[in-house]
Amino acid sequence: MQFTSQDIEIMARTLYGEVRGEPWDGKVAVAWVIRNRAESDVKRWQGGVAAVCLSPKQFSCWNAGDPNRPKLLAAKPAEVAFRECLAAAAWVLGEAATDPTHGSLNYYAAGIKAPGWALGRTPVKQIGNHVFFNDIQN
């Protein structure tokens with residue numbers, strides 16, 4: 001799959017909105033979920049990395065009214081956290097990384113009540129403050 005500079009930019013903004021406070025491995029893990037979705041055969045995730053990130057109700061940071069949306073839109077490379085998100089996106093899309101999520105297409109923040117789609121499922125891994133799943137039928 002070919003990735004564009006727009007894919008890197010939109011993925012980095014998604015990472016910024018979702019996991020800017022996470023360490024490097026947490027940013028990389030969420031970036032892999034985005035890449036895994038873009039490379040999957042799930043119809044709603046067709047169209048590439050940017051389309052996956054911007055798909056309605058997939059990443060809450062892009063939802064209208066989410067407090068992270070104005071922050072991710074305003075993020076500039078001068079900010080350390082955004083530079084880290086740009087680097088994680090470029091690394092994962094540049095094929096220099098191994099997927100630590102084992103093909104996960106879904107995750108949620110460990111500090112919240114498990115969403116309905118996660119009930120009865122076994123997480124493949126917890127990385128930072130997020131729990132990852134690769135057994136959800138989308």
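To start, this report covers the structure provided alongside it. (Residues numbered from 1 in each chain as written. Predicted model: local features only at pLDDT ≥ 70, side-chain atom pairs only at ≥ 80, totals over all residues. Heavy atoms only, no water.)

1. Observations concerning the overall build of the protein
Here is step 1: Counting secondary structure elements, the protein contains five helices and three strands.
Here is step 2: Shown N-terminal to C-terminal, the secondary structure of the protein runs as helices and strands in the order α-α-α-α-α-β-β-β.
Here is step 3: If one aligns the C-alpha atoms of the protein with their principal axes, the spans along those axes are about 40 × 30 × 25 Å.
Here is step 4: For the protein, the proportion of its 138 residues judged to be buried stands at 45%.
Here is step 5: In the protein, of all internal contacts separated by at least 6 residues, the share reaching a separation of at least 24 is 63%.
Here is step 6: Carbon together with sulfur atoms contributes 53% to the accessible area of the protein, which is approximately 7,000 Å² in total.
Here is step 7: The distance from the centre of the 15 positive side-chain charges to the centre of the 13 negative ones in the protein is 7 Å. (Helix = DSSP H or I, 4+ residues; strand = E, 2+ residues; numbered from the N terminus. Buried < 20%, exposed > 50% of the residue type's maximum accessible area, 1.4 Å probe, protein only. Contact = heavy atoms within 4.5 Å. Areas by Shrake-Rupley, 256 points an atom, 1.4 Å probe, with all protein chains shown as cover. Lys, Arg positive; Asp, Glu negative; His and termini not counted. Charge placed at Lys NZ, Arg CZ, Asp CG, Glu CD.)

2. Observations regarding the environment of R83
Here is step 1: Take R83: it is sitting in helix α5 (residues 80-93).
Here is step 2: With a relative accessible area of 41%, R83 lands in the partly exposed category.
Here is step 3: Along the sequence, R83 and G120 sit 37 residues apart, while their C-alpha atoms lie 37 Å from each other.
Here is step 4: If sequence neighbours within four positions are ignored, R83 has contacts with P77 and A78.
Here is step 5: A polar contact of 3.1 Å, which involves the side chain of R83, links it to the backbone oxygen of P77. (Polar contact = N/O pair within 3.5 Å; in protein donor to acceptor, adjacent residues only side chain to side chain.)

3. Some remarks on the sheet that holds strand β1 (residues 106-109)
Here is step 1: With respect to topology, three strands assemble into an open sheet ordered β1-β3-β2, the strand pairing being antiparallel. Two strands lie at the open edges of the sheet, namely β1 and β2 (125-127), each paired on one side alone. Across the sheet, the mean angle separating the axes of adjacent strands is 25° when strand polarity is ignored.
Here is step 2: Relative to strand β3 (residues 130-133), β1 runs antiparallel, the two being bridged by four bridges. (Pairing = 2+ DSSP bridges. Axes fitted to C-alpha atoms, helices over the stretch in contact; angles between N-to-C directions.)

4. Comments concerning the layout of surface pockets
Here is step 1: Size it by volume and the largest pocket reaches roughly 400 Å³.
Here is step 2: Per element, the largest residue contribution to the lining of the largest pocket is four residues, and it comes from β1.
Here is step 3: Taken together, the residues of the lining of the largest pocket break down into nine nonpolar, six polar and four charged. (1 Å grid on protein atoms, 1.4 Å probe; cavity = no way out; pocket = protein on both sides within 12 Å on 5 of 7 lines; lining within 4 Å. Points joined across faces, edges and corners; volume = space filled by probe spheres on them. Nonpolar A, V, L, I, M, F, W, Y, C, P; charged D, E, K, R; others polar.)

5. Comments concerning the pattern of salt bridges
Here is step 1: Counted under the stated rule, the structure contains three salt bridges.
Here is step 2: Here E9 makes a salt bridge to R13, at a shortest N to O gap of 2.6 Å. On the criterion of helical spacing, the pair formed by E9 and R13 is a turn pair, its members being four residues apart in helix α1 (residues 5-19).
Here is step 3: Among the salt bridges present, the one from R35 reaches E39, with a minimum N-O distance of 3.1 Å. Taken as a pair, R35 and E39 lie in helix α2 (residues 24-39) at a separation of four residues, close to a single helical turn.
Here is step 4: Among the residues examined, R35 registers a relative accessible area of 7% and is labelled buried. (Salt bridge = Lys/Arg side-chain N within 4 Å of Asp/Glu carboxyl O.)

Geometric values such as these leave the question of function open.
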